[in-house]
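Coordinate analysis (summary)
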Amino acid sequence: MTVLDVERPLERGDPQSPGANGQFDLLEVPLLGGFLRWRWSRTFLQLPVLLLSLLMIAHAFFGPQLAPKNLAALLTWVHFRGLVVLVLLVGGNFFCMACPFMLPRELARRFVKPSWRWPRILRNKWPSIICLVGVLFAYELFDLWGSPWWTGALIVGYFAAAFAIDTAFERASFCKYVCPVGQFNFLSATMSPLEVKVRQPDVCHECTTKDCIRGRHDVNAPCGDQTIILSELPIIQRGCELALFQPRKVGNLDCTFCLDCVYACPHDNIGIIARLPGEELAGTGTRSGIGNLDKNAGWTVLTAVFVFGALLNAFAMTSPVYVLEQEISRWTGLRVEWPILGMLFMFGLIIEPAILLGTAAAVTQYWTHSKVTMWGIINRFARSLIPLGFGIWLAHYGFHFFTGALTIIPVTQNACRMAFGLDLLGKPMWQMGGLPESVVYPMELGFLGLGLLGSLLVCWRIASQFNSQAPTKAFFPWSVVIITLFVSACWILTQPMDMRGTFLGG
Amino acid sequence: MRLSWHTPDCLRHLIGMAALWLTMCSVAFAHEGPPFPVLMDEPIPGYRVSVWADPDIGTGKFYVVTESPNSANSPPEPQVEVWVEPVSKRLPKVTYVAHREDVRNWMQFLAEPEFDAQELWNVGIVVTAPEGTPHELQVEVEATPPGMGPWDLAIYLFPFLMFGGLWGVGLIRSWHANDRSNRKDLAAKDDSQNNDEKLEVESSSSINRRVQSGGTHSGSFSSPAFGGRVT
């Protein structure tokens, strides 16, 4: 038997091993690093989250239907959302790493090998954009935050969709092309301080197997005496299922932190390495698995939905939006909510971004005498809005989380009492809530302020690259857009949102 | 020292600031905060009543949620009133009507009583069923100041300002370092290009040929797993 292109795995302690260039690498941290290097660490993290999800589903359908007393509603809309953005802020995309929706498909793939490739026409961000807008719309239309039953239905629907798509289609099609939470996490992770990346690029230049993307094959598999091709051998460790080739991967976009590349790399040359949040947003050129962001309309539209959706989602929970809906109903005579909500979404996610981004691009083009098309300018500069968009999501979700973090205790105690008829976890301590609003409000402003700072810095950097002779002319129109969005977000935060902490008022 | 995210000192400073910030957060607990439940699932004839209170000095808020005893169907809409009086009895009892709020999935009423001082108050919730029988529930709450005012902003925004400053300086320095590195690369390429040209001139006298420099990000390889080229 002859096997082509096989490299031996690198032993720990080899001269090529990590840490030589002084970068902080999470995989080198004692205990935690060892745990993450363990091949089953992802499954170990996913299992408790899966059990929790099953508990939430049960409580959603059979528990109390008053949202503040229901685990499904509380954990989904207060704790999960809050922790997702906070973990993204201080770490990275670890929630995708622990995603429970992937476990059923892993189990199914042991019996059924997916045989289809994701349709070429859908290999872009448009399906996930439609899903993301759909979830935001359903959230408002069905008052998902206040409906345990619908929240449970959403979780079940998520499991079903992930299972169906990933058992029918090869690789991580659901994560890359469909999952709206994943897309939210990918964009937010551009602001994370950790990134899965190559430790020493020189090692990759000499690598011949590219296991990080192709996967590691079982060279000991029985195959007779004939010469075989490596790629036809069974895979014992898959490579990146999202088509991110580590040596050319840039940033956190499309990376689920699954660490398949870490386990597959025969040189132990991939780590979870510290970097400056937001730095990748100003990068130009082609990114592995993504292409050139400057020419990718899908990512630009996804960014617009991420940023303007943050404003819309926060605005929809304030008192003025109810007044506005009533006014629209009075003008139009409509008595059903969905067309009115549709109008608000049309304005918030299509008309408003088109006006703001289009005007900024037109002014940039006129002032800089650029030959780049308006759409090209929007593609280039839209990324600068991501830090502010993330700041708005942080302020919004952080508010719910910080003001209601401890409510999980009495709700769990109450669930236990209702399930077993006994106070096994003690009497529900309903007085437990979270931080006071007087503390959380400045924190909201702080998150928004950091978002504003990041957006302006990234915008200046992009403007300098766009027109190095007179960057101010390119920077000014976009800075006006950024500051307008920041002021809008600050205004929304000052609007009354009664009972937000306990989310009785949404 | 060059400021960099990779510098351990920088990380230590950030962790220190985060610890300082968390320490400051912990002093602000106590009674103030978002509405908290003061009664939960209290049974009265025809209803289960839960009350969330936000008894800020000035205008307080009391949210009264009424459910049917068996959670099966929504009960008939009752009339809800809330009265307050100081435990010390220094002021007379004042009654406020609670108005029904526009909430889709349950029945919720809001009353906004006035509290003039930080002290203990008796609060009564009177639920009157459509057939006219009133039932009263009583609790004791402490009215608290709504917050520390401008000091909150100053204290809690301070860590964000420090972090923002460090982050901004780090980003700018990192980009400048990239620019310098790119300029060096370009200069090195220019030098090697000039040397190549000199060699070409010397060897063949063909002065019209110029060596083109290529990009650093391009490149691809073929992988059957991805149905073709991977960039």
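See the structure printed just above.
Rules behind the numbers
- Residues numbered from 1 in each chain as written.
- Chains lettered and ligands numbered in written order.
- Predicted model: local features only at pLDDT ≥ 70, side-chain atom pairs only at ≥ 80, totals over all residues.
- Heavy atoms only, no water.
- Helix = DSSP H or I, 4+ residues; strand = E, 2+ residues; numbered from the N terminus.
- Buried < 20%, exposed > 50% of the residue type's maximum accessible area, 1.4 Å probe, protein only.
- Contact = heavy atoms within 4.5 Å.
- Areas by Shrake-Rupley, 256 points an atom, 1.4 Å probe, with all protein chains shown as cover.
- Phe/Tyr/Trp six-rings, centres within 6.5 Å; stacked < 30°, edge-to-face > 60°.
- Lys NZ or Arg CZ within 6 Å of the ring centre and 35° of its normal.
- Core = buried A, V, L, I, M, F, W, Y, C linked by side-chain atoms within 4.5 Å.
- Patch = residues over 30% accessible without salt bridge, like charges linked within 9 Å, V, L, I, M, F, W, Y side chains within 5 Å.
- Salt bridge = Lys/Arg side-chain N within 4 Å of Asp/Glu carboxyl O.
- Polar contact = N/O pair within 3.5 Å; in protein donor to acceptor, adjacent residues only side chain to side chain.

1. Describing the overall build of chain A
- A count of helical and extended segments in chain A gives 20 helices and six strands.
- Counting over 506 residues, chain A shows a buried share of 60%.
- The long-range fraction of contacts in chain A, counting pairs at least 24 apart against all pairs at least 6 apart in sequence, stands at 78%.
- Accessible surface computed for chain A: about 20,400 Å², of which carbon and sulfur atoms make up 68%.

2. A few points about the overall build of chain B
- Looking only at helices and strands, one finds two helices and twelve strands in chain B.
- Element order for chain B, N to C, with α for helix and β for strand: α-β-β-β-β-β-β-β-β-β-β-α-β-β.
- Here the contacts in chain B between residues at least 6 apart in sequence split such that 51% fall between residues at least 24 apart.

3. Here's the deal with the packing of aromatic side chains
Residue and element names in this part refer to chain A.
- Going through the model one piece at a time under the given rule, you end up with 30 aromatic pairs over all chains.
- Taken together, the ring pairs in this structure connect Phe61, Phe142, Trp149 and Trp150 into an aromatic cluster.
- We note Arg39 situated over the ring of Trp40; from NZ or CZ to the ring centre the distance is 5.3 Å.

4. A closer look at the nonpolar core
- Counting 156 residues, the largest nonpolar core has Val196(A), Ile272(A), Phe381(A) and Trp478(A) as its most contacted members.
- A total of 14 residues in this core trace back to one element, the largest contributor, which is helix α19 (residues 437–466) of chain A.
- Excluding its chain neighbours within four sequence positions, the residues that come into contact with Phe381(A) are Thr364(A), Cys459(A), Ile462(A), Ala463(A), Phe466(A), Ala474(A) and Trp478(A).
- Among the nonpolar cores identified, the runner-up in size contains 26 residues, and Ala53(B), Phe109(B), Ala111(B) and Ile125(B) belong to it.

5. A look at a nonpolar patch on the surface
- Together, Met346(A), Phe347(A), Ile350(A), Ile351(A) and Ile355(A) make up a nonpolar patch on the protein surface, roughly 480 Å² of accessible area in all.
- Assignment of secondary structure puts Ile351(A) in helix α15 (residues 337–368).

6. Observations regarding helix α5 (residues 102–109) of chain A
- For α5(A), the complete set of buried residues consists of Met102(A), Leu103(A), Arg105(A), Ala108(A) and Arg109(A).
- Structurally, α5(A) contributes buried residues whose contacts are with α2 (41–62), α7 (148–168) and α8 (173–178) of chain A.

7. Thoughts on the side chain of Asp211(A)
- Mapping Asp211(A) onto the fold places it in helix α11 (residues 211–214).
- The contact partners of Asp211(A), leaving out residues within four places of it in the chain, are Arg216(A), Gly239(A), Ala264(A) and Pro266(A).

8. Overview of the side chain of Glu119(B)
All names here are of chain B.
- Its location among the elements puts Glu119 in the loop between β8 (114–115) and β9 (120–128).
- Glu119 sits in the buried class, given a relative accessible area of 18%.
- One polar contact links Glu119 to Arg90, side chain to side chain, over a distance of 2.3 Å.
- Setting aside residues no more than four positions away along its own chain, Glu119 makes contact with Pro86, Ser88, Arg90, Val141, Glu142 and Ala143.

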